[in-house]
2 protein chains.
Amino acid sequence: VNAVELIERKRDGGRLSDAEIAWLIDGYVADRVADYQMAAMAMTIYLHGLDDAELAAWTGAMLHSGEVFDLSEIDRPKIDKHSTGGVGDKVSIPLAPMVAACGVAVPMMSGRGLGHTGGTLDKLESIPGMEVRLDGSQISTVIKKCGFVMAGQTDNLVPADRKLYALRDATGTVPSIPLIASSIMSKKLAEDLDGLVLDVKVGSGAFMTDLAHARLLASTMVGIGANHGVPVVALLTAMDQPLGNTVGNSLEIAESVELLRGSGPPDLLEVTLELGSRMLALAGIENGTETLQRVVADGRAFELLLKMVELQGGDPGVLADPSLLPTAPQTMEVTATHTGFVGRCDAKAIGVAAMRLGAGRELKEDKIDHAVGITLLAKVGDPVEAGQPLARIHYRDTVDPAAVESAFSVSESPVPSHQIILEEIR
Amino acid sequence: VNAVELIERKRDGGRLSDAEIAWLIDGYVADRVADYQMAAMAMTIYLHGLDDAELAAWTGAMLHSGEVFDLSEIDRPKIDKHSTGGVGDKVSIPLAPMVAACGVAVPMMSGRGLGHTGGTLDKLESIPGMEVRLDGSQISTVIKKCGFVMAGQTDNLVPADRKLYALRDATGTVPSIPLIASSIMSKKLAEDLDGLVLDVKVGSGAFMTDLAHARLLASTMVGIGANHGVPVVALLTAMDQPLGNTVGNSLEIAESVELLRGSGPPDLLEVTLELGSRMLALAGIENGTETLQRVVADGRAFELLLKMVELQGGDPGVLADPSLLPTAPQTMEVTATHTGFVGRCDAKAIGVAAMRLGAGRELKEDKIDHAVGITLLAKVGDPVEAGQPLARIHYRDTVDPAAVESAFSVSESPVPSHQIILEEIR
């Protein structure tokens, strides 16, 4: 086998065997296959795709490029949730302790924000002392003690993906469905899961802006799971407007606490319950919605969140009293210019505005300001009067209210509120 | 501008501006654009192509990546010939002095052999002392003294092509018509030519095995010439069997001398005269065929070859008496197994057999044995009797006659001889 022969075959529309794919990925990690060869290969995959068997082999080779968790000591079913990323998407934070409180182990490996989308790890780091960089044995210990963990991927988990992702980022080969699907699934399969629920976001604030591509990505990932013997369920959920009423790290932690205390915005609750009940179903637990509502009502889910935060070095006091979380020094409100109904509250525009405030990163190396962000005071379908506040901007030094204003439009006629759960793919 | 944006545009079927192409090629030579980015770009070009304007800009950017000859001191028209390469193709060696003897300057920059195809520089180095690595001023001096030169490209000529060719070789992006055409044309345009004749070989022993691809490559190169103000004429010529009766370096020099002394095989003479008369026509000289035959008949062309060899440090004595050229210690003949007509004398098979004898290179770093090779004693259409020799193998230590035998097939019914000049594209 040599790399050129494999590139030529894919270039000409042919296919690679399992052994050839394993050779390629292993060689890439070991620097026997050069970056420029993998770049040419990634472009052939971008343009010609991978078939189901190639994709399963590609994902498997990525998965086995590094450490694979062994959670066999944990006798609960192990179920994770993965979101393709959106604006205001803090679902993981209330969801993981809720599902754990129902008796399921949740090894929730999360990521950081980039561009207009936020990241769970950044949000958690709003909590003073919170440590999200754990090694394999710490992860296992935290799961054993409180049923779930929220941490970043360890350095040894799927090193091929880290290398390949950086290369794709520099070679115009990021938005390829097989490469995205294998990147996500290789990391999830390395967690030693019994089941996985995917939240594939669709809309202006999502990576996939149209339903057809989102559906294809979802079914591709479900197929990879099936090929690897892991049941996967995907929900396509709307990301035209931000999820919940807050965008920004501390603000989203506070909103997550609200949800766990039995209040919180209805769209956030709906997505959390829909994803959670599917996680429970994969663990063999029926009537998931009621079970989840019960562990919120009796405070057990919130208690688990406090326990996890404490186990990971964080100060649970700021969750008991979210006013102690980092707070922006200044706020200002953006108001409706006329009376009517909110017709648009654009997720991407709000996400970009929050990023510019410092809540997110324009470049990977940028620092996050946990205190700043945006609170939405009206969402799509809500009636508003001229002069009524639409959003509150939490800022440090400077603010550009026009960026937030332009995310909204107000219509004279009533606007139906958006459907949020669009489709289920299994 | 950034490289990722340009890759994405080509990936999605868009086009690049002249300035963007210049930025990309300059950046690649200056290491501001990474190898892996150029590899991804080359694959998008392989799969989506370049339009005429992009191709002209790409070729121009390559051309200007290094030194461009200034031959303005030479007051003769400057015309070169380029062949896409074949087996037994020694045309350049008799052609250049013939055309120079007619009053045209021929700055013939040649290459080396790889795989089953030979290279003019390797053939010339059969002549003891012959130096083909000349710098720009030596090239100019030799042209001034004898009207032509035969040398390798200088290190400063089109450095972008050297870098890009090595990358394409390692990334499965060699056989792309726009990339081949711009590679050839950038080097030829850097020679400060008034006209160029292309010999695009078609058939088993050629880079292009079918007429449609050869025609497309030829018309692409003619188009690049037009866009750069240089008239280009292309002949498509057959390369199903070797050209002439010899394959191997010393053997081909001896056959070239034969041609310049008024004999030599008819197919080699035909291709030489057809290419030469078109070179003369580009220089404004009519009745090219007769003019070329006259400079052979009166010995002026051969005299110029002797002069050029002497100017470049070679021993002209071995041309006056080719039996002094390096000679293989052993020979053996391959014979016809039955009576009939030669139906096939496969160029690629003969080229590979000669390479294995040591006449060519399997890898770029391999050394050449100038003495070894194959003399063809029968060609397509010739009647042969059982036991009659088909070819003579000139070898050093070991020989595999089956490799040569299998290149031939003998048919019971008469076989028409092949047409050699297939098409003209201008």
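Quick summary incoming for the structure in this document. It should be emphasised that the depicted structure is a prediction, and the values quoted were computed from it without experimental measurement.

In the structure shown here, the tally under the stated rule is zero aromatic pairs over all chains. Stacked on the ring of Y28 of chain A, the Lys or Arg K163 of chain A has its end atom at 4.4 Å from the ring centre.

To continue, consider the nonpolar core. For soluble globular proteins, the rule of thumb is that nonpolar side chains tend to be buried together. In terms of nonpolar packing, the biggest core is built from 286 residues, with W58, F148 and I350 of chain A together with W58, F148 and I350 of chain B touching the most fellow members. Residue contacts for W58 of chain B: discarding those within four places in its chain leaves I21, L24, I25, M38, M41, I45, L50, L164, L179 and S182 of chain B.

Chain A puts 22 residues into the contact, and the matching count from chain B is 22 residues. Counting the surface lost from both chain A and chain B, the interface buries some 1600 Å², and carbon and sulfur atoms represent 73% of this. At the junction of chain A and chain B, the tally comes to zero salt bridges. On inspection of chain A and its partner chain B, the count reaches six residue pairs in polar contact (both at pLDDT 80 or more). Elements represented by at least two residues in the side of chain A that touches chain B include exactly α1 (3-11), α3 (35-48) and α8 (159-170) of chain A. Of the residues in the side of chain A that touches chain B, the class split is eleven nonpolar, six polar and five charged.

At an RMSD of 0.0 Å, chain A and chain B line up after a rotation of 180° and a shift of 0.0 Å along the axis. The two molecules are tied by a two-fold rotation axis, judged by turn and shift. Among all C-alpha atoms of chain A, that of Y36 of chain A lies closest to the rotation axis, at 1.9 Å.

Attention now moves to the sheet that holds strand β8 (residues 340-345) of chain A. All names here are of chain A. Strand order in this open sheet of three strands is β10-β8-β12, and the pairing throughout is antiparallel. At either margin of the open sheet sits one strand with a lone partner, and together these are β10 (383-384) and β12 (408-411). Note: β8 against β12, four bridges, orientation antiparallel. Looking at β12, one finds that V342 is bridged to V410.

Rules used throughout
Here the residue numbers are simple positions, counted from 1 along each chain's written sequence. Note on labels: chains are lettered from A, ligands numbered from 1, in written order. Selection of residues for local features in this predicted model requires a pLDDT of at least 70, selection of side-chain atom pairs for listing and counting requires 80 or more, and totals for whole chains, interfaces and linings are taken over all residues. Just so you know, side-chain values use all the structure's heavy atoms and leave hydrogens and water out. In this scheme Phe, Tyr and Trp rings, the latter by its six-membered ring, pair at centre separations within 6.5 Å, and the angle between planes marks the pair as stacked below 30 degrees, edge-to-face above 60, and tilted otherwise. Put simply, a charge is over a ring when the Lys NZ or the Arg CZ is close to the ring centre, within 6 Å, and near the line of the ring normal, within 35 degrees. To define a nonpolar core, start from buried Ala, Val, Leu, Ile, Met, Phe, Trp, Tyr and Cys residues and group those joined through side-chain atoms within 4.5 Å. Between buried and exposed lies partly exposed: a residue is buried under 20% and exposed over 50% of the maximum accessible area for its type, with that area taken using a 1.4 Å probe on protein chains only. Contact between two residues is taken to exist if any of their heavy atoms lie within 4.5 Å; hydrogens are not considered. Once two parts are put together, the accessible area they lose, assessed with a 1.4 Å probe and summed over both, is termed the buried area. Think of a salt bridge as a Lys or Arg side-chain nitrogen and an Asp or Glu carboxyl oxygen that are within 4 Å of each other. Polar contacts, as used here, are pairs of N or O atoms within 3.5 Å; protein pairs need one atom able to donate a hydrogen and one able to accept it. Residues neighboring in sequence count only if both atoms are side-chain atoms. The way it works is that DSSP assigns letters per residue, a run of H or I at least four long becomes a helix, a run of E at least two long becomes a strand, and they are numbered from the N terminus. Residue polarity follows a fixed list, in which Ala, Val, Leu, Ile, Met, Phe, Trp, Tyr, Cys and Pro are nonpolar, Asp, Glu, Lys and Arg are charged, and the others, Gly among them, are polar. The atoms used to superpose the copies are C-alpha atoms, taken from residues with pLDDT of at least 70 in both, and the fit is least squares. The rule for pairing is simple: two strands pair if DSSP sees at least two bridges between them.

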